[in-house]
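Listed below are the residues making up each chain.
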Amino acid sequence: MVGVLIRMRLRIIGRSLHESRSALNFVLGSVFGLAVALFTAVLIAKGHESVHGGVTIAAALFGAWTLGWICGPVVTGTSDETLQPEQFRLLPLTTRELAYGLGAAAFVGPAPIVNLIAFAGLVLLGAQIGWAAAGIAALGAALQLVFVVLLARVVVAWLGAAMRSRRGKDLGVLFAALIGLAYYPLNLLITTAGPKLDGDRGGLSILLRSVPSGWAPYAVEAASRGDYLLALLALLGLALLSLVLWQSWAVLLERRLTTPPAPEAQMVDTGGGLLDRFLPTTPVGAVVAKELRTWWRDGRRRAALIPLLIIGFVLPIFLSVRNGGSGTIAFSGAFVVWLATMSSTNLYGFDGTAVWQTLVTPGGARADVRGRAYAWALLVGPVSVISTLVLPGALGLAHLYPWALSTLPVLFGVGVGAVVYLSTHAAFALPPQRGNPFAGTGNPGCMKMLMQLAVGVVQVLAAAPALAILGIGAYLHNSLVQWAALPVGVLLGVLAALLGIRWATTRLEERGPELLAEVKPR
């Protein structure tokens, strides 16, 4: 069974490379991952003056890679499920057999190979000590790879299982936001402490060794002292923990395959009356109401947007407090808009083939694009505005209000236009949503990251006139000149939103069938 699942995964990956977008994603992702992995391996092997320092650096880098495996699916709103458990529901397999097969197939692909190369730096470190330490390091690197892959599967599976009920959806989204939020301060902590790791013998080095991601490096350190029993115990602990994770994944798979999702009758929108009361009774108003309800009810959309909204609101506070009142807090609202834009550039991919209803409705394209843009603005606007109005004053940085209020309209307007523009010009298919709202095998990975980077660059370029006025005002120490950037920012934001909506409408009207073919699940 394991061999069959591995061959299936390889065949699916191979066929996906026939598409230019998937092939580009595969090449770019592999090259970038390989570069980072080689840098990690070299840093572990050479970036130290003693065995203790090398082990501490290895434990820190192993922790960073582990955080990436845990937080990556949450921050990006996707997880790799090339083989979905529901596809094997009718086969005479127990959940543990299925977990064994899917777990083995999860190690096939570029990501595990890249991580194994990164973890191989521990082997290079052990080789400098002796053959016994090198053997222990090789076993530890393999166990570390098993641990991070299974840990990522369990976390995503737990979130998916939690979000199958109505209350679980709320708790799961909040927990996902906390996981994603934890990545940034922990990563900053590792980055800040990096130069001090080589000579550190205090609490930080002990902490890095005490967490599971540091057990394999600690085994190498124990081997360097000749304490092979302690080294084997550390590796045994990592193996047992991986076994527990595999058993937990099997239990979560069983719940996923046997527990039905919350019935539609439980998903009652208590605010429906308010929507009907305040929204106009026009085609655009109908689309806005539909989109707001869909964003609230659809687990996949909620998993993509809400964690990033929370991260965008909280992270600038953390950065400002950490830097002793950094000016980055002025752009907190802009950061919320940027993260929200990242997660919303495939609106028609979320809906799939339902777009045909818009295509066959006379005049439906115009109302649909505008309604989607307005609904997204209603969801993201309050959070970004509150963040911009409250945080600078609350942290004693009221002099930054001209910067905050002048740049937010530009970035928000570009975000509104970019959401619908990219949703029509760069849409991609998503797999049918079954049990896991974070499953996004259709996500083009690096291609999506490049599109998001392009959106960020466009936002900065669009804000250049307002930033220039703000810079001149700061140079002249003239607040009136700085506040003059506000109407410029509003005008630029409105123009960007209108242009994006117009181009998206034209694209949907002229290339609607092609868009339908792109978002059709394969």
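The rules behind the values
- Residue indices follow the written sequence of each chain, beginning from 1 at its first position.
- Side-chain atom pairs in this predicted model are given and counted only at pLDDT of 80 or more, local residue features only at pLDDT of at least 70, and totals for whole chains, interfaces and linings cover all residues.
- As a rule here, side-chain values cover all heavy atoms of the structure and leave hydrogens and water aside.
- In this text, helices come from DSSP runs of H or I with a minimum length of four residues, and strands from runs of E with a minimum of two, each type numbered from the N-terminal end.
- Each residue is assigned to one of three classes by its accessible area relative to the maximum for its type, calculated with a 1.4 Å probe on protein chains only: buried under 20%, partly exposed between the two thresholds, exposed over 50%.
- Any two residues whose heavy atoms approach within 4.5 Å are treated as being in contact.
- What is meant by a nonpolar core is a set of buried Ala, Val, Leu, Ile, Met, Phe, Trp, Tyr and Cys residues, joined one to another through side-chain atoms within 4.5 Å.
- Two N or O atoms count as a polar contact when they lie within 3.5 Å, although within protein this holds only if one can serve as hydrogen donor and the other as acceptor, and sequence-adjacent residues are included solely when both atoms are side-chain atoms.
- Any Phe, Tyr or Trp ring, taking Trp's six-membered ring, that has another such ring centre within 6.5 Å forms a pair; planes under 30 degrees apart are called stacked, those over 60 apart edge-to-face, and the others tilted.
- We count a charge as sitting over a ring when the NZ of a lysine or the CZ of an arginine lies within 6 Å of the ring centre and within 35 degrees of the ring normal.
- The axes used here are C-alpha line fits, helices contributing only the stretch in contact, and every angle between their N-to-C directions lies in the interval 0 to 180 degrees.
- With respect to orientation, any angle under 35 degrees is reported as roughly parallel, any angle over 145 as roughly antiparallel, any angle of 65 to 115 as roughly perpendicular, and every other angle as oblique.
- Following the grouping adopted for this structure description, the nonpolar residues are Ala, Val, Leu, Ile, Met, Phe, Trp, Tyr, Cys and Pro, the charged ones are Asp, Glu, Lys and Arg, and the polar ones are all others, Gly among them.

**Student:** Whenever I open this one, the overall build of the protein chain confuses me. Can you help?
**Tutor:** Helix and strand content of the protein chain: 24 helices and zero strands. Among the 522 residues that make up the protein chain, the fraction classed as buried is 50%. Pairs at least 24 apart in sequence give 80% of the contacts found in the protein chain among residues at least 6 apart.

**Student:** It is not clear to me how the nonpolar core should be interpreted in this structure. Could you clarify?
**Tutor:** Proteins that are soluble and globular tend to have nonpolar side chains buried together. Core analysis: the biggest nonpolar cluster contains 54 residues, and Leu-102, Phe-119, Leu-122, Val-148 and Trp-249 have the highest contact counts within it. Those elements that provide at least two residues to this core are helix H2 (20-46), helix H3 (51-76), helix H4 (95-105), helix H5 (110-119), helix H6 (121-127), helix H7 (131-162), helix H10 (215-224) and helix H11 (228-258). Ranked by residue count, the leading element in this core is H7, at 15 residues. Judged by nonpolar contacts, the second largest core, of 27 residues, contains Tyr-348, Leu-408, Val-420 and Ala-504.

**Student:** Would you explain the side chain of Arg-9 in this entry?
**Tutor:** Mapped onto the secondary structure, Arg-9 falls in helix H1 (residues 2-16). Here Arg-9 falls in the buried class, since its relative accessible area comes to 6%. One polar contact links the side chain of Arg-9 to the main-chain carbonyl oxygen of Ala-105, over a distance of 3.1 Å.

**Student:** Got a minute to help me understand the packing of aromatic side chains in this structure?
**Tutor:** In this description, an aromatic ring pair is defined by two values, namely the gap between the centres and the angle between the planes. Taken as a whole, this structure holds six aromatic pairs when the rule is applied. Taken together, a centroid distance of 6.4 Å and an interplanar angle of 70° make the contact between Trp-65 and Phe-119 edge-to-face. Of this pair, Trp-65 sits in helix H3 while Phe-119 sits in helix H5; the two residues are 54 residues apart in sequence, bridging distant segments of the chain. Taking the relative accessible area as the measure of exposure, Phe-119 reaches 0% and is therefore buried. One aromatic cluster in this structure is built from Phe-62, Trp-65 and Phe-119. Here the guanidinium or amino end of Arg-301 rests over the ring plane of Trp-295, the centre of that ring lying 4.9 Å away. Positioned over the ring face of Tyr-348 is Arg-372, at 4.2 Å from the centre of the ring.

**Student:** Where do I start with the environment of Glu-514 in this structure?
**Tutor:** One can find Glu-514 in helix H24 (residues 512-519). Between the C-alpha atom of Glu-514 and that of Thr-424, which follows or precedes it by 90 residues, the distance is 9.8 Å.

**Student:** Can you help me understand unusual backbone geometry in this one?
**Tutor:** Leaving glycine out, the prevailing phi sign among residues is negative, and the prevailing peptide bond configuration is trans. A positive phi angle is found at His-477, which is not glycine, with a value near 55°. The exposure class assigned to His-477 is exposed, which follows from its relative accessible area of 74%.

**Student:** How should the packing of helix H23 (residues 485-510) against H24 be read in this particular structure?
**Tutor:** Helix-helix packing: each pair is described by the crossing angle between the helix axes and the interaxial distance. Running from N to C, H23 and H24 point in directions that differ by 90°, and their axes come no closer than 5 Å. By the angle class used here, H23 and H24 are roughly perpendicular. Counted together, Arg-507, Leu-508 and Glu-510 of H23 and Gly-512, Glu-514 and Leu-515 of H24 form the full contact between these two elements. Its residues placed into classes, the contact of H23 with H24 shows two nonpolar, one polar and three charged.

The quantities given are spatial measurements derived from coordinates; they are silent on function.
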